[in-house]
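Close look at the chain arrangement
Listed below are the residues making up each chain.
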Amino acid sequence: MSKALRLLAALLILATLSCGPGDSKETKQRALVYEGMPKTELLKVLGSPNRIDSTGKIFQTETNEMLTLERWFYDKRTVVVLNGDEAY
């Protein structure tokens, strides 16, 4: 019985050590973006994107107009900008 208790204690200690607090420097907080955010604010928060794909088009039936859809590509995220005609 003592072998089983020692084994259980060893497993408990290993599990406790392996689940310790991680390095908080590795988990950076992503900047918050929200629906309706203007392009200028996006650029302030996220900086310039690595690449922009502005080939997307969406037809809005309520106003009978074509909207431009841009995808801004960053290292770890993609942001979709709808009707992003204003210059930056």
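The sections below set out a description of the structure shown in this document.

Conventions used here
Residues numbered from 1 in each chain as written. Predicted model: local features only at pLDDT ≥ 70, side-chain atom pairs only at ≥ 80, totals over all residues. Heavy atoms only, no water. Helix = DSSP H or I, 4+ residues; strand = E, 2+ residues; numbered from the N terminus. Buried < 20%, exposed > 50% of the residue type's maximum accessible area, 1.4 Å probe, protein only. Contact = heavy atoms within 4.5 Å. Areas by Shrake-Rupley, 256 points an atom, 1.4 Å probe, with all protein chains shown as cover. Pairing = 2+ DSSP bridges.

Re the overall build of the chain
Along the backbone of the chain there are two helices and three strands. Listing each helix as α and each strand as β along the chain from the N terminus yields α-α-β-β-β. Expressed as a percentage of its 88 residues, the buried residues of the chain come to 22%. Sequence-distant contacts in the chain: of pairs separated by 6 or more residues, those separated by 24 or more amount to 32%. Per element, the accessible surface of the chain, about 7500 Å² overall, is 57% carbon and sulfur.

Digging into the pairing of strand β3 (residues 78–82)
Every second residue of β3 is oriented toward a common face, the buried set being Val79 and Val81 and the non-buried set Thr78, Val80 and Leu82. Bridge analysis of strand β2 (residues 65–73) against β3 gives five bridges, and the strand direction is antiparallel. Bridge pairing in β3 places Trp72 opposite Val79. Taking the residues between adjacent antiparallel strands as the criterion, β2 and β3 are bridged by four residues.

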